[in-house]
Amino acid sequence: MTLPNFFDFTLSTSTISAHVLFMRAVYKLQTSVQPGGIPRRYEDGAPQPSEQTVSFLRNAVVRFTTWALRLPTGLNIARGFTVGELEIPPLDVLMVWHAYMLSPVTYEKDSLASTGLQLLTHMPLDRIAVLVDEASYDFVPTMAQSEAWRKLTEMPFDCTTPHDYDFDGMSRIASIDLGQAVMRQSSSIGPMINEASVYEENGLPWSQTVNRYVRFMCLPLEAPVPPVDVDIIWHTHQLKGAQYRRVIAFVRLDWLMLIMDTDSREDCIKYFGRVINHDDSKPADVVRKGRKMMNEQAKLLYDSGDTSITVFTVFTSTPVDEGSGNGGGQGGGNGGGNGGEGTKCGGPPSGCIRY
């Protein structure tokens, strides 16, 4: 089946690759703060951050909030402003912004009350990726960018510089706990960059995954958890912000009919008649159920109908089991991925629920 790719104008291969490179830089930063990453409690998957990580994330939230509140308010919001080359903030601030935008409904609601968020309509991934060294994954700003940041925020650009910012006294622009949002996303980044490495090593085209993403968004399921490769596309698309919300809200039904049969038409209307939200805070049993549902519908994502392909990686043949540890490919306790094999190390599975 050939699908009209109505996200072509939104998600280029370069943008997807830029997002992967950015995630590699974030992963390196997070594991430098807490070696091995943030472990998860097996019983409920709750993150177990070190004191250093808690302090680092609190500072990052203060720095992000200060930056967002001090952005120039005289800019033309209607033209879809986002940060220019000189306004690129430090990596810890980008990390918080990234996690925040992956709660698209909340981000939209909060933007109505914050001029700073109204200005931050989308994340300029291609512009950010230029600052990431492709060999070391270090984030390397220019002198001009560092100086612009210091002038705007009166804070050091280096996010690893010890500092005791006033977290409790800062103004609040987010209606969610941004530190918790970053910790939840930390468990997804490892498996995603591992999956991206598989794609790069085998020369697999992201365009085919974009088509599977379209099909995933049309599945008539209440709460499916996407395959890891599809999740990369979904996350990348959400970082388009307002554009993501518009595309999802106004997708044409005749395109959907090419994907689903006639009996599924009402389900597609239900899911695409509003912004499709992304929730990574569901308990482990809900995520396991979503993965099981996705496995049962896997043939709808692939032209070959190969149902041995699971939701973990295109090369995994181990089916998901509702009681199987972290479900494979979700990186155990350190978010590093394990090639798709089921394991009981590090807690129950994490995942993003579509609703």
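Treat the numbers as computed from the prediction; the structure is a model and nothing was measured.

> It is not clear to me how the overall build of the chain should be interpreted in this structure. Could you clarify?
Counting its regular elements, the chain contains 14 helices and two strands. Within the chain, the proportion of its 355 residues that are buried is 56%. Contacts in the chain between residues far apart in sequence, at least 24 positions, make up 75% of those at least 6 positions apart. Entry remark: accessible area of the chain is about 15,200 Å², with carbon and sulfur atoms responsible for 51%.

> Just to check I follow, could you spell out the packing of aromatic side chains for this structure?
To describe a pair of aromatic rings, one takes the distance between the centres and the angle between the planes. Here the structure, examined in full by the defined rule, presents eight aromatic pairs. An angle of 85° between the planes, with centres 6.3 Å apart, marks the rings of tryptophan 149 and phenylalanine 157 as edge-to-face. Each residue in the set Phe64, Trp67, Trp97, Tyr100 and Tyr107 is aromatic and connected to the rest through ring pairs, giving one cluster. When the ring centre of phenylalanine 167 is taken as reference, the NZ or CZ atom of arginine 172 above it lies at 4.7 Å.

> Hey, could you run me through the pattern of salt bridges in this one?
On inspection of all chains with the given rule, the structure shows seven salt bridges. Two residues, arginine 63 and aspartate 92, come together in a salt bridge whose shortest N-O distance is 2.6 Å. Within this pair, whereas arginine 63 is found in helix H2 (residues 51-70), its partner aspartate 92 is found in helix H3 (residues 91-101), the two being separated by 29 residues in sequence. For arginine 150, the salt bridge goes to glutamate 147, with nearest N and O atoms at 3.1 Å. Residue arginine 150 and its partner glutamate 147 are both found in helix H7 (residues 143-153); the two are separated by three residues, about one turn of the helix. For glutamate 147, a relative accessible area of 43% puts it in the partly exposed group.

Rules of the game
- Residues numbered from 1 in each chain as written.
- Predicted model: local features only at pLDDT ≥ 70, side-chain atom pairs only at ≥ 80, totals over all residues.
- Heavy atoms only, no water.
- Helix = DSSP H or I, 4+ residues; strand = E, 2+ residues; numbered from the N terminus.
- Buried < 20%, exposed > 50% of the residue type's maximum accessible area, 1.4 Å probe, protein only.
- Contact = heavy atoms within 4.5 Å.
- Areas by Shrake-Rupley, 256 points an atom, 1.4 Å probe, with all protein chains shown as cover.
- Phe/Tyr/Trp six-rings, centres within 6.5 Å; stacked < 30°, edge-to-face > 60°.
- Lys NZ or Arg CZ within 6 Å of the ring centre and 35° of its normal.
- Salt bridge = Lys/Arg side-chain N within 4 Å of Asp/Glu carboxyl O.

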